[in-house]
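# Summary of the model geometry
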Amino acid sequence: MSIWEYANPKRFMQTSAWVLPWVAVLALACLVAGLIWGFFFTPDDFRQGSTVKIIYLHVPSAMMAINAWVMMLVTSLIWLVRRHHVSALAAKAAAPIGLTFTVIALVTGAFWGQPMWGTWWAWDPRLTSFLILTLFYLGYIALWQAVENPDTAADLTAVLCLVGSVFALLSRYAVLFWNQGLHQGASLSLDKEENVADVFWLPLLVCIAGFVLLFVALVLMRTRTEIRARRLQALLARERLA
Amino acid sequence: MMPDLGKYAFAVLSSYAASLLLLVALVGWTMWRGARVKAQLREVEARQERENG
């Protein structure tokens, strides 16, 4: 069996109908468990105080904001190379989810930054590249809405996605390129010295799993809707021609 | 058993409130649009089936 079989909309609908409830339930379980664990049952940090509890939302949402764009990049490339409609629709479906995660990362970052840095916002390399990524998400969604022909829209948004990938990667690695920024390094690291303490790390991992699963569930749900919407448009067009 | 958030209560609670609000809105919108498109498609399919015999 080849992975390209799932490019067939009928096959995608069958498989996703079976997978979706499991992923959705797992996402809910991880999110509820991780957030309750992190909010109620972890201590304050000796430097950050109770604001450390914001990492359970900020870190997973920032990670998924970037990963969503990477997923859109992969599906856009599949569209450009192999012309599979499901991959173009999956990219379209992922954009509002990625945008929401980006906004959550920016908002929670601002709420954390105000007491810790003394400012809601700074033109730091990571923050700035994240803001530009938000604008790319908005532009991407707007472009899908603006172009009437779905194949042309898929082509143009795929190219936009390729360009925006520079900022998605920049927002991930900006702290490594520039040293003058306020934003600290990665919260999760294989280096024990750099990684957050275990007491924060375990609930954070559960929250990250929750955000990843929520993203998968929402992309499946929204791609199914996009496939149905495409069929609906085709049927209505046929009705008008008859 | 609300934890004592001290002087950072506003920052922490606002972060959770804003994030949960955005997530609930996203899930709600996704489900609402999904249900609406599904119902419209079912209606059009049924109508075309009736008309085509």
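Note that the coordinates shown come from a computational prediction; the quantities given were computed from them, not determined experimentally.

Calculation criteria
Residues numbered from 1 in each chain as written. Chains lettered and ligands numbered in written order. Predicted model: local features only at pLDDT ≥ 70, side-chain atom pairs only at ≥ 80, totals over all residues. Helix = DSSP H or I, 4+ residues; strand = E, 2+ residues; numbered from the N terminus. Buried ≥ 20, exposed ≤ 12 C-beta atoms within 10 Å, placed from the backbone. Rg over C-alpha atoms; globule rule 2.2 N^0.38 Å. Core = buried A, V, L, I, M, F, W, Y, C linked by C-beta atoms within 7 Å. Contact = placed C-beta atoms within 7 Å. Axes fitted to C-alpha atoms, helices over the stretch in contact; angles between N-to-C directions. Parallel < 35°, antiparallel > 145°, perpendicular 65-115°, else oblique. Left-handed = near helix turned anticlockwise from the far one by under 90°. Nonpolar A, V, L, I, M, F, W, Y, C, P; charged D, E, K, R; others polar. UniProt positions renumbered as here; feature names shortened; annotations may be inferred.

Our next topic: the overall build of chain A. Secondary structure summary: chain A contains 6 helices and 0 strands in total. Reading the helices (α) and strands (β) of chain A from amino to carboxyl end gives α-α-α-α-α-α. Principal-axis analysis of the C-alpha atoms gives chain A an extent of 70 × 35 × 30 Å. Looking at chain A as a whole, 41% of its 242 residues qualify as buried.

Looking only at helices and strands, chain B features 1 helix and 0 strands. Computed over its C-alpha atoms, the radius of gyration of chain B comes to 22 Å, more than 25% above the 10 Å expected for a compact globule of 53 residues. For chain B, the spread of C-alpha atoms along the three principal axes comes to 70 × 20 × 5 Å. The buried share among the 53 residues of chain B stands at 15%.

With that settled, the discussion passes to the nonpolar core. Formed by 69 residues in total, the largest nonpolar core has its most connected members in Ala-68 and Ala-94 of chain A. For this core, the elements supplying multiple residues, two or more each, are α1 (9-40), α2 (55-82), α3 (85-117), α4 (125-146), α5 (150-177) and α6 (198-241) of chain A together with α1 (9-52) of chain B. No other element matches the 17 residues that α3 of chain A contributes to this core. If we ignore the near neighbours within four places in the chain, the residues touching Ala-94 of chain A are Ala-68, Met-71, Met-72 and Val-219 of chain A.

All right, on to the packing of α3 of chain A against α6 of chain A then. Residues and elements named next belong to chain A. Where α3 contacts α6, the two axes come as close as 8 Å, and the packing angle between them is 125°. Overall, the two elements α3 and α6 adopt an arrangement that is oblique. For α3 against α6, the interelement crossing comes out right-handed. Here α3 contributes Val-86, Leu-89, Ala-90, Lys-92, Ala-93, Ala-94 and Ile-97 to the contact with α6, which in turn contributes Phe-215, Leu-218, Val-219, Arg-222, Thr-223, Glu-226, Ile-227 and Arg-230. Classifying every residue of the contact of α3 with α6 gives 10 nonpolar, 1 polar and 4 charged.

Once that is clear, we can look at the UniProt feature "transmembrane region" (unreviewed entry) in chain A. Residues and elements named next belong to chain A. If you check UniProt for "transmembrane region" (unreviewed entry), the listed places come out as residues 20-41, 61-81, 93-113, 125-144, 156-179 and 199-221 in our numbering. As annotated, residues 93-113 has a helix share of 100% and a strand share of 0%, and its two end C-alpha atoms lie 31 Å apart. Helix makes up 100% of residues 199-221 and strand 0%, and the two end C-alpha atoms of the span are 34 Å apart.

With that out of the way, let us pick up unusual backbone geometry. Located in the positive-phi region is Arg-83 of chain A, a residue other than glycine, with phi close to 55°. Residue position: Arg-83 of chain A is located in the loop between α2 and α3.

Across the contact, 29 residues belong to chain A and 24 residues belong to chain B. Of all the secondary-structure elements, those providing two or more residues to the side of chain A that touches chain B are α3 and α6 of chain A. With 12 residues, α6 of chain A is the largest single contributor of residues to the side of chain A that touches chain B. Grouping the constituent residues of the side of chain A that touches chain B by class yields 16 nonpolar, 7 polar and 6 charged.

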